[in-house]
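Structural description and commentary
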Amino acid sequence: MSSVLIKNEASLGLKLVAPAVGIIGLLVVYPILFNLYLSFFDVQLNGNKTFVGLQNYQSLLSNPDYYHSVGVSVLYLIGTVIGTTVLGLAAAILMNQSFRFRNLARGLILLPYFAPVISVVFGWQFIFDPVNGIYNHMVVDVLHLTDTRENLIGNPDSALLVVILFDIWKHFPIAYLLFLAKLQSVPKDLYEAAAIDGQNAWGRFWHVTLPELRFVIATVVLLRVIWNLNRFEDVYLLAPNVETLPIFTYYQAFAGLVDQGTAATISVIQLLVLVALIWLYVRKVLKW
Amino acid sequence: MTHCKSLTLGAVWATSSLLFSSLSQAAEIEFWTAQTQSDRLQNIELLASTFEALNDGVTVKVIGVDENEMATQMAAAVAAGTTPQLIEVNSEIIMALGEEGIVDTDTHQAVINDIGKQRFHAGALTTLTSPTGSYYGLPYHGWIQGIWYRKDWFDEKGLAAPNTWQNIKTAAKALTDKANNQYGILVGTKQDSYTEQVFTQLALSNNAAEFNAQGELIFNSPATLETIEFYKDLAQYNPPGPQNWRARDYYLQGKMGMFFYSTYIMDDLALAEVAKGSLSSENFAELTGGTFDPELVKNTAFAPIITHKSAASYGTLSGLVALKTADSEDQKATQDFIEFLYDPASYITFLHMAPGGMNPMLKGIAEDPVYLNDPNGVFKLYGADKMKQIVSGFDDIRSFSVVAGKTFPASGEIFAKSVIPRMIYDVTIQGKDPQAALDAAEAEMKAIMNE
């Protein structure tokens, strides 16, 4: 190719990419930078800003509640990521077998994922209501398993568990969907070869299925970590006393009058942590 | 042909200029109200439509915003430059917004001048006055809170009316039977404004305060600590877990002996239709919880005043707040709309949405025969004497914001940040040590005041 042609192609390429770069710059890069800028200010409602340097960071990092919510977030992440991945994998392997009404069953599994958060949350709250709920009615009045009524969602010790269970129930279908899609493309002869080598079902899973699914599993875990570190609505609607990082941010910054400086500070730290986590994960686990 | 063309152009020009002139006269009032129930919103819409019919070119857009969300929503609106012209919300939030410099105090002054300052209840106006003497809001309606209780159960067990700390505790203990899903009392333990309201009344009866007359923070005191400990004591008779104003449902179902509530409960107690509406959750329209007990209104008594070291009733005002706007047409229309809302005909229509719950802030309205003849007949059911007793708590409404006739707007910001409810939640639900929780709350209050 002549050098003129190469130059022309390059400039055409630039022109074609420019709108996308512009949009990303406007919608992604600019807010991040503005957020970073705001985190050094005390922002008032009428728009007045006072430069406070690192004060927002200092007061946040010296707040014991912040570390508490980091701890809650870590537990929430571990519980939900492992839970959805394992349950999604199990469901996908089950649904990859052939049986009658398989297509119907495959569809039904997706239902929790389709249902609007707000409606299922109220359903769960109704189930666990301490005075009128079905759970207490069954456990205390019908089955007589215990004498005392419990508020599983309200009690801070059990609330985290309920929130994790809710998230697993609500979001395992997306993991299931991704796993099932990949499972269907695993060549049958791999399993046949493993069977000839004398592998039982467990061995076939361990030596064929898992290596084949490796990248999908890694992707699911990555997506779940990103989503759940930032997940607000499920937790806040179901049990607002479970203070994961987004809920903590909400109480610090948006409950009552908005404190934009603090909010920006928290999200800057959260972004940095998330970027570091993902970088590590991509390098070490995905080996991209 | 050219003649014809210029004629058409002329007509277009004429219509468009007409259009523009009518646009320039058009004013829009966006009105945010804390009355989010659909029947109340319909009522307010009706008032708005009436006002529109009387005022050409003015549109009023009514939007219901949950009281707990009002401060946040306002902040978002200010940031986005879409501030409403008028809001109706409780006095704590009004004081917090007033300090943010977004409130149109000139319009408030103009309305007061037009209506006449002496026609307002003086205490109500004081509550919304800024430290410099301007008005952050206009008092519109108010309620008082007290303990509503099952008189028949109290009589059966020989219990005294729950008007002192000792009586409350004795009754709470006597009426609790958790094995049978029966509870003596409910005090708020969720991190919301109901908890703050219950706590405030008990704290005031123990002479605890946020500020002294010099404006110094005196929240961390033995009196406050004692109140927190008493509160924790009472919370053990609650249904399990964090609780809030849904206490009302448990009481209507006959599962609870006493609960703190405002005079808003009056129509729920008296009228089957209203009670049914309350019991069926807004999220489950088909769900009607339990049957209505027609004897409930007779078997219910009210203790508006709690006495420990001093007698305390607690109540709160809701006010109208005009927000600053650059558009003078909007400002004028907003002022007209506020004055329209104070006109006896529309005022009584508004107050009748919750007979007893919304009490008038203008003198003379309460004695108006039209006011006493509410469409549901609630005032008749209760009778004039009971009404008088209920409203008696209203003459001396106290709060943390007003000390010795002076207002402290910082208490509004403390309210908006839910410092007290979070403290109560930490103690009653998380099991945190009361003194440690109090220290933490005080530190937070100081941080808010220094901002």
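Note that the structure is a prediction, hence the values are computed from the model and not measured. (Residues numbered from 1 in each chain as written. Chains lettered and ligands numbered in written order. Predicted model: local features only at pLDDT ≥ 70, side-chain atom pairs only at ≥ 80, totals over all residues. Heavy atoms only, no water.)

Quick look at the overall build of chain A
Which entries qualify depends on this criterion: The numbering of helices and of strands both runs from the N terminus, where a helix is a DSSP run of H or I of at least 4 residues and a strand a run of E of at least 2. Only the C-alpha atoms count toward the radius of gyration. The rule for a globule is 2.2 Å times the residue count to the power 0.38. We call a residue buried when its accessible area falls under 20% of the maximum for its residue type, exposed when it is over 50%, and partly exposed in between, using a 1.4 Å probe and counting protein chains only. Any two residues having at least one pair of non-hydrogen atoms within 4.5 Å are treated as being in contact. His residues and chain termini do not enter the charge count, which takes Lys and Arg as positive and Asp and Glu as negative. To locate a charge, take atom NZ for lysine, CZ for arginine, CG for aspartate or CD for glutamate.
Each helix and strand in chain A was counted, giving 13 helices and two strands. Here the C-alpha radius of gyration of chain A, 25 Å, is well above what a compact globule of 288 residues would show, namely 19 Å. In terms of its C-alpha atoms, chain A occupies a principal-axis envelope of roughly 80 × 65 × 30 Å. The buried share of chain A, taken over its 288 residues, is 41%. If you take every contact in chain A between residues at least 6 apart in sequence, the share linking residues at least 24 apart comes to 65%. The centroid of the 17 positive side-chain charges in chain A is displaced by 15 Å from the centroid of its 17 negative side-chain charges.

Some words on the confidence of the model for chain B
All names here are of chain B. Selection criterion: As a per-residue measure, pLDDT reflects the predictor's confidence and takes values from 0 up to 100.
For chain B, the average pLDDT comes to 84, and 86% of its residues sit at 70 or higher. For residues 1-24, every residue scores under 50 in pLDDT, and the model assigns this stretch one contact once sequence neighbours within four places are set aside. Per-residue pLDDT stays below 50 along residues 280-289; that stretch engages in 14 contacts with residues further than four places along the chain or on separate chains. Here the prediction assigns the complex a pTM of 0.75, and the interface score ipTM is 0.70.

Side note on the interface of chain B and chain A
Our working definition: Once two parts are joined, some of their accessible surface, as seen by a 1.4 Å probe, is lost; buried area is that loss totalled over both. Should a side-chain nitrogen of Lys or Arg be within 4 Å of a carboxyl oxygen of Asp or Glu, the pair is scored as a salt bridge. The classification used treats Ala, Val, Leu, Ile, Met, Phe, Trp, Tyr, Cys and Pro as nonpolar, Asp, Glu, Lys and Arg as charged, and all other residues, Gly among them, as polar.
Listed by partner, the interface residues are 31 residues for chain B and 28 residues for chain A. Considering only the surface of chain B that becomes buried against chain A, B:E100, B:P240 and B:K417 emerge as the three largest contributors, covering 20% of it. Counting every contact that joins chain B to chain A gives zero salt bridges. Looking at the side of chain B that touches chain A, the elements that each hand over two or more residues are α3 (70-80), α4 (91-99) and α19 (410-416) of chain B. Examining the composition of the side of chain B that touches chain A, we find that five residues originate from one element, α3(B), more than from any other. Residue composition of the side of chain B that touches chain A, grouped by class: 17 nonpolar, eight polar and six charged.

Some details on the pairing of strand β3 (residues 86-90) of chain B
All names here are of chain B. For clarity, the threshold we go by: Strand pairing requires that DSSP identify at least two bridges connecting the strands.
The element β3 is largely enclosed, with a buried count of five among its five residues. Pairing of strand β1 (residues 27-33) with β3, which is carried by three bridges, proceeds in the parallel orientation. Opposite T33, over in β3, you have E88 as the bridge partner. Sheet topology note: the β3/strand β9 (residues 314-322) ladder contains five bridges and is antiparallel. Among the inter-strand pairings, E88 is bridged to a residue of β9, identified as L320.

Some thoughts on the pattern of salt bridges
If you walk through the whole model with that rule in mind, you get 16 salt bridges over all chains. In this structure, B:K309 engages B:E226 in a salt bridge whose closest nitrogen and oxygen atoms are separated by 3.2 Å. Placement of the pair is B:K309 in the loop between β7 (306-307) and β8 (311-312) and B:E226 in helix α10 (residues 222-235), with a sequence separation of 83 residues. Residue classification places B:E226 among the partly exposed residues on the basis of a relative accessible area of 31%. In this structure, B:R248 and B:D249 form a salt bridge, with 3.4 Å as the shortest nitrogen-oxygen distance. The same class applies to B:R248 and to B:D249, which are both buried. Where salt bridges share partners, they join A:D167, A:R224, A:R231 and A:E233 into one cluster.

A few points about the nonpolar core
As a reminder of what qualifies: What makes a nonpolar core is a set of buried Ala, Val, Leu, Ile, Met, Phe, Trp, Tyr and Cys residues whose side-chain atoms join them at distances within 4.5 Å.
Counting residues in hydrophobic clusters, the biggest one holds 116 residues, and the most contacted among them are B:Y342 and B:M423. Residue contacts for B:Y342: discarding those within four places in its chain leaves B:V111, B:I115, B:F120, B:L138, B:P139, B:Y140, B:L320, B:Y347 and B:L362. With 29 residues, the next largest nonpolar core counts A:L77, A:F205, A:V216 and A:A218 among its residues.

Thoughts on unusual backbone geometry
With a phi close to 60 degrees, A:F101 is a non-glycine residue in the positive phi region. Within the secondary structure layout, A:F101 lies in the loop between α3 (64-95) and α4 (102-109). Residue classification places A:F101 among the exposed residues on the basis of a relative accessible area of 59%. A positive phi is found at B:N207, a non-glycine position, where the angle reads about 60 degrees. With respect to the element layout, B:N207 can be found in the loop between α9 (193-205) and α10. Assessed through its relative accessible area of 45%, B:N207 is described here as partly exposed.

Considerations on helix α5 (residues 105-115) of chain B
All names here are of chain B. The condition that has to hold: Each C-beta atom gives one direction from the helix axis, and the arc is the one those directions make.
Taken together, the buried positions of α5 are T107, H108, V111, I112 and I115. Viewed along the axis of α5, the buried residues span an arc of 135 degrees, placing them on a single side of the element. Seen from the open side of α5, the exposed residues pointing more than 90 degrees away from its buried face are D106, N113 and D114. Once α5 ends, the next one or two residues include G116, with phi positive near 105 degrees.

A few points about the packing of aromatic side chains
Stated precisely, the cut-off is as follows: Each Phe, Tyr or Trp ring, with Trp reduced to its six-membered ring, pairs with another whose centre is within 6.5 Å; inter-plane angles below 30 degrees give stacked pairs, above 60 give edge-to-face pairs, and intermediate values give tilted ones.
A complete count under the given rule lists 36 aromatic pairs over all chains for this structure. Centroid distance A:W124 to A:F128: 6.2 Å. Interplanar angle 50 degrees. Geometry classified as tilted. Within this pair, A:W124 and its partner A:F128 are both found in helix α6 (residues 117-128), separated by four residues, close to a single helical turn. With respect to burial, A:W124 and A:F128 carry one shared label: buried. With centroids separated by 5.6 Å and ring planes inclined at 50 degrees, the aromatic side chains of B:F259 and B:Y261 adopt a geometry described as tilted. Like B:F259, the residue B:Y261 is buried in the burial classification.

Brief notes about a positive patch on the surface
All names here are of chain A. Inclusion rule: Excluding any residue in a salt bridge, patches collect residues exceeding 30% relative accessible area, merging like charges within 9 Å and nonpolar Val, Leu, Ile, Met, Phe, Trp and Tyr side chains within 5 Å. All accessible-area figures derive from a Shrake-Rupley calculation using a 1.4 Å probe, and residue coverage is judged against the displayed protein chains alone.
Residues R214, R283, K284 and K287 make up a contiguous surface patch of positive charge. With respect to the helices and strands, R283 occurs in helix α13 (residues 260-286). For R283, a relative accessible area of 48% puts it in the partly exposed group.

Here we look at the pairing of β9(B)
Residue and element names in this part refer to chain B. Counting buried residues along β9, nine of its nine residues qualify, which places the element largely inside the surrounding structure. Burial along β9 is two-sided: the residues Y314, T316, S318, L320 and A322 and G315, L317, G319 and V321 are all buried. Summarising the sheet, strand β4 (residues 138-150) and β9 pair through seven bridges and their orientation is antiparallel. Bridge pairing in β9 links L138 to L320.

Notes on the packing of helix α9 (residues 188-196) of chain A against helix α10 (residues 201-229) of chain A
All names here are of chain A. For clarity, the cut-off: Axes here mean lines fitted to C-alpha atoms, for a helix over just the part in contact, with angles spanning 0 to 180 degrees between N-to-C directions. Angle categories are assigned with fixed cut-offs, so that under 35 degrees is roughly parallel, over 145 is roughly antiparallel, 65 to 115 is roughly perpendicular, and the rest are oblique. If you view the pair so one helix is near and one far, a crossing is left-handed when the near helix is turned anticlockwise from the far one by less than a right angle, and right-handed when it is turned clockwise.
Where α9 meets α10, the axes come as close as 10 Å, and the angle between the chain directions of the two elements is 155 degrees. Between α9 and α10, the angle falls in the class roughly antiparallel. For α9 against α10, the interelement crossing comes out right-handed. On α10, the residues touching L190, Y191, A194 and A195 of α9 are R204, V208, T209 and E212. Here the residues of the contact of α9 with α10 are counted per class, giving five nonpolar, one polar and two charged.

Quick look at the side chain of B:Q243
Looking at the element boundaries, B:Q243 is found in the loop between α10 and α11 (247-252). Not counting the four nearest positions on each side in its chain, B:Q243 is found in contact with A:P130, A:N151, B:L186, B:G188, B:T189, B:K190, B:T195, B:N238 and B:Y250.

Regarding a nonpolar patch on the surface
All names here are of chain A. A cluster of nonpolar residues, I23, I24, L26, L27, V28, V29, I32, L33, L36, L271 and V275, forms a patch on the protein surface that exposes about 1000 Å² of accessible area. The set of elements that each furnish at least two residues to the nonpolar patch consists of α1 (3-38) and α13. Element by element, the count of residues in the nonpolar patch is highest for α1, at nine residues. Taking relative accessible area as the criterion, L36 reaches 37% and is therefore assigned partly exposed.

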